[in-house]
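Residue-level listing of the chains:
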Amino acid sequence: MGIISASLCFLLIAYYSLRNSNRVKSQDEYLLAGRHTKLLPLVATLVMTEFNTGTLISFSSLGYLAGYWALAMPFIFLIGLLFYTLTVAKKWKQFNGVSVAHFFATRYGRKLELLVASVLFLAMLGFSAAYIKSLTLLMQPLIPINSLILSAALVIVILLLTLRGGLSSIIALDVLSFIFVILFFPLLVYFSYHLPQSNQVPAFNLAQMQALLPPKFIISLTILTMFSYIIAPWYGQKIVAAKTQQTAYFAAAIAAIIIFLLYGLGILATAILRSKGVQLADIQLGLPYLIRNALPHALQSVAYLVLFFIAASTLAGVWNAMVTLVVGSIFKSNSSKVSTNILWVLICALIAYIIANTLIDNILSKMILFNIPIVAFCFALLAGFYWSKANSQGAYVSILVGITWGIFCYFYFGETGNYTWYWAIYGIPLIFISGISASLFCAKKS
């Protein structure tokens, strides 16, 4: 019964995603869905873009590790995405460019645009590889075959669903996936609560939980999220696809709240799992365990389908955003052919698949690491929007300082030394101070 219902759900979502594919005739329709997305579809696609299996597994593993204190983690996205809403949501729609990197060309020049586009492209390859890895981990219990074959099959299915229709197909996929997700995660918590007690677990006090998940770590990730998401191409692309600036603003705010709640439910489920005394060999396996052991058999196949579409929508969105960087900023393609975009999506997917199966081990640590160059662009972006005296020299200096400081913190303090704290607390002020100082100094010289 579960397999039949999951198959029917899959066919429904696949049909809904593919039905408009042949109507996509131009690059603008393929990459930006014609720039007329309304509020509810935009909320759905923003939620499903950020609510991904990589972060879901990572955050949920912390629920198993640190218990209910890990419920502080979703505030990272609530605060970070509300900051995005207040600072740049309307600005990106007002700019209305093909890629976020193109803004740097209009504000600072072609060379900086090329640098930003190239760095963002490489970072997004890392993110998409982490998403592929996490999806493979989730699906391995259901399909116990070689991980190389499984991840390849999953990537191919995602491409079949979204490749031809571009962002229009992705948004259609996101709308139905969003409905399934909203229904599924409260059920997951409910059935987790009704798991039988396996072993007695000593009560955690707050100090013990915070020793496993330090408050400094949460605070630093909140700050880093605030200053990395403002330039996120996968978010900026969909904001530009909005019908109006008001639509973009309200959709971003609503999505922030829903993302906060969904990650909270995932963490709550695995925190309950720990309280039941269940022993796991790997804390990243909490969600797969709950699906196999907490959910009724009829819902298990549907659960795997939900997780698949969570990953599919994020991956397709990231690959599509990467193509905007390639055709809109790196190579400045004049071609409006959809076939050019399709070719680049295939290239992005292939490289991400290779990285996922060679370089990705701990998903959360790698996803944080890929943010180092993105955070470094925060001064150049915000100053570009809000400070008329910002110039290319200040932008270059701030980027160099940001990347250098982030790499230094990673190697000097390391993950065990909570390098994200030093990176965020000292790095963000350094980026802004260096950018402001260099802009003012160069303005005086000229």
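Below is a short write-up of the structure.

Rules of the game
- Residues numbered from 1 in each chain as written.
- Predicted model: local features only at pLDDT ≥ 70, side-chain atom pairs only at ≥ 80, totals over all residues.
- Heavy atoms only, no water.
- Helix = DSSP H or I, 4+ residues; strand = E, 2+ residues; numbered from the N terminus.
- Rg over C-alpha atoms; globule rule 2.2 N^0.38 Å.
- Buried < 20%, exposed > 50% of the residue type's maximum accessible area, 1.4 Å probe, protein only.
- Contact = heavy atoms within 4.5 Å.
- Areas by Shrake-Rupley, 256 points an atom, 1.4 Å probe, with all protein chains shown as cover.
- Lys, Arg positive; Asp, Glu negative; His and termini not counted.
- Charge placed at Lys NZ, Arg CZ, Asp CG, Glu CD.
- Axes fitted to C-alpha atoms, helices over the stretch in contact; angles between N-to-C directions.
- Parallel < 35°, antiparallel > 145°, perpendicular 65-115°, else oblique.
- Left-handed = near helix turned anticlockwise from the far one by under 90°.
- Nonpolar A, V, L, I, M, F, W, Y, C, P; charged D, E, K, R; others polar.
- Salt bridge = Lys/Arg side-chain N within 4 Å of Asp/Glu carboxyl O.
- Core = buried A, V, L, I, M, F, W, Y, C linked by side-chain atoms within 4.5 Å.
- Expected span 1.5 Å × (residues − 1).
- Patch = residues over 30% accessible without salt bridge, like charges linked within 9 Å, V, L, I, M, F, W, Y side chains within 5 Å.
- Disulfide = S-S within 2.5 Å.
- Polar contact = N/O pair within 3.5 Å; in protein donor to acceptor, adjacent residues only side chain to side chain.
- Phe/Tyr/Trp six-rings, centres within 6.5 Å; stacked < 30°, edge-to-face > 60°.
- Lys NZ or Arg CZ within 6 Å of the ring centre and 35° of its normal.

## So, the overall build of the protein chain
For step 1, the next point in the chain: Counting its secondary structure elements, the protein chain contains 21 helices and 0 strands.
For step 2, the next point in the chain: A compact globule built from 446 residues should have a C-alpha radius of gyration of about 22 Å, and the protein chain, at 21 Å, falls within 12% of that.
For step 3, the next point in the chain: Across its three principal axes, the protein chain shows a C-alpha extent of roughly 70 × 55 × 40 Å.
For step 4, the next point in the chain: Buried residues in the protein chain amount to 59% of all 446 residues.
For step 5, the next point in the chain: Taking the contacts inside the protein chain whose residues are at least 6 apart along the sequence as the reference set, 86% of them involve residues at least 24 apart.
For step 6, the next point in the chain: Split by element, the accessible area of the protein chain, about 17,600 Å² in all, is 69% carbon and sulfur.
For step 7, the next point in the chain: Where the 25 positive side-chain charges of the protein chain centre and where its 8 negative ones centre are 9 Å apart.

## Some thoughts on the packing of helix 9 (residues 166–193) against helix 13 (residues 245–275)
For step 1, the next point in the chain: Running from N to C, helix 9 and helix 13 point in directions that differ by 25°, and their axes come no closer than 9 Å. With respect to helix 13, the axis of helix 9 lies roughly parallel. Along this stretch, helix 9 crosses helix 13, giving a crossing that reads as left-handed. Residue-level contacts link Phe178, Val181, Ile182, Phe185, Pro186, Leu188, Val189, Ser192 and Tyr193 of helix 9 to Ile258, Leu262, Leu265, Gly266, Leu268, Ala269 and Ile272 of helix 13.
For step 2, the next point in the chain: Within the contact of helix 9 with helix 13, the residues separate by chemical class into 14 nonpolar, 2 polar and no charged.

## What to know about the pattern of salt bridges
Here the idea is simple: oppositely charged side chains can pair when their charged atoms come close.
For step 1, the next point in the chain: Inspection of every chain in the model, using the stated rule, returns 2 salt bridges.
For step 2, the next point in the chain: Two residues, glutamate 113 and arginine 110, come together in a salt bridge whose shortest N-O distance is 3.1 Å. With glutamate 113 and arginine 110 both in helix 7 (residues 110–139) and 3 residues apart, this pair spans about one turn of that helix.
For step 3, the next point in the chain: The exposure class of glutamate 113 is buried, given its relative accessible area of 0%.

## Let's talk about the environment of leucine 359
For step 1, the next point in the chain: With respect to the helices and strands, the residue leucine 359 is situated in the loop between helix 16 (338–356) and helix 17 (363–369).
For step 2, the next point in the chain: With 230 residues separating them along the chain, leucine 359 and alanine 129 place their C-alpha atoms 8.7 Å apart.

## Examining the nonpolar core
Side chains of a nonpolar character, in soluble globular proteins, are inclined to be buried together.
For step 1, the next point in the chain: Judged by nonpolar contacts, the single largest core of 159 residues is most densely connected at Val47, Met73, Tyr84, Trp234, Tyr235 and Trp319.
For step 2, the next point in the chain: Per element, the largest residue contribution to this core is 22 residues, and it comes from helix 15 (residues 297–330).
For step 3, the next point in the chain: Beyond its immediate sequence surroundings of up to four residues, tryptophan 234 is in contact with Thr49, Glu50, Met124, Phe127, Tyr229, Val318, Ala321 and Ile374.

## Section: helix 11 (residues 215–229)
For step 1, the next point in the chain: Under the 1.5 Å per step criterion, the end-to-end length of helix 11 is 21 Å for 15 residues, consistent within 8% with the ideal 21 Å.
For step 2, the next point in the chain: Helix 11 sits mainly inside the fold: 12 of its 15 residues count as buried.
For step 3, the next point in the chain: For helix 11, the set of buried residues is Phe217, Ile218, Ser220, Leu221, Thr222, Ile223, Leu224, Thr225, Met226, Phe227, Ser228 and Tyr229.

## Comments concerning a nonpolar patch on the surface
For step 1, the next point in the chain: Together, Leu142, Ile143, Ile145, Leu148 and Ile149 make up a nonpolar patch on the protein surface, roughly 420 Å² of accessible area in all.
For step 2, the next point in the chain: Note on placement: isoleucine 149 falls in helix 8 (residues 147–162).

## Considering the state of the cysteines
For step 1, the next point in the chain: Summed over all chains, the structure comprises 0 disulfides.
For step 2, the next point in the chain: The thiol sulfur of cysteine 378 is not disulfide-bonded, and the nearest other cysteine sulfur, from cysteine 409, lies at 14 Å.
For step 3, the next point in the chain: Cysteine 378 supplies the cysteine sulfur nearest to cysteine 442, a cysteine that is in no disulfide, at a spacing of 18 Å.

## Some words on the side chain of threonine 324
For step 1, the next point in the chain: Residue placement: threonine 324 occurs in helix 15.
For step 2, the next point in the chain: Within the local environment of threonine 324, its side chain forms a polar contact with the backbone oxygen of alanine 321, the two atoms lying 2.4 Å apart.

## What to know about the side chain of serine 128
For step 1, the next point in the chain: With respect to the element layout, serine 128 can be found in helix 7.
For step 2, the next point in the chain: Leaving out residues up to four positions away in the same chain, serine 128 has contacts with Leu315, Val318, Trp319 and Ala352.

## Focus on the packing of aromatic side chains
For step 1, the next point in the chain: Scanning the model with the defined rule gives 37 aromatic pairs in all.
For step 2, the next point in the chain: The lysine or arginine in question, lysine 91, covers the ring of tyrosine 386, its NZ or CZ lying 4.8 Å from the ring centre.
For step 3, the next point in the chain: For arginine 274, the ring lying beneath its charged end belongs to tyrosine 64, and the centroid distance is 5.7 Å.

## What about unusual backbone geometry?
For step 1, the next point in the chain: The phi dihedral of asparagine 96 is positive, around 60°, even though this residue is not glycine.
For step 2, the next point in the chain: If you trace the backbone, asparagine 96 turns up in the loop between helix 5 (75–95) and helix 6 (102–108).
For step 3, the next point in the chain: Even without being glycine, asparagine 418 reaches a positive phi, approximately 55°.
For step 4, the next point in the chain: Looking at the element boundaries, asparagine 418 is found in the loop between helix 20 (392–412) and helix 21 (419–445).
For step 5, the next point in the chain: For asparagine 418, a relative accessible area of 16% corresponds to the buried category.

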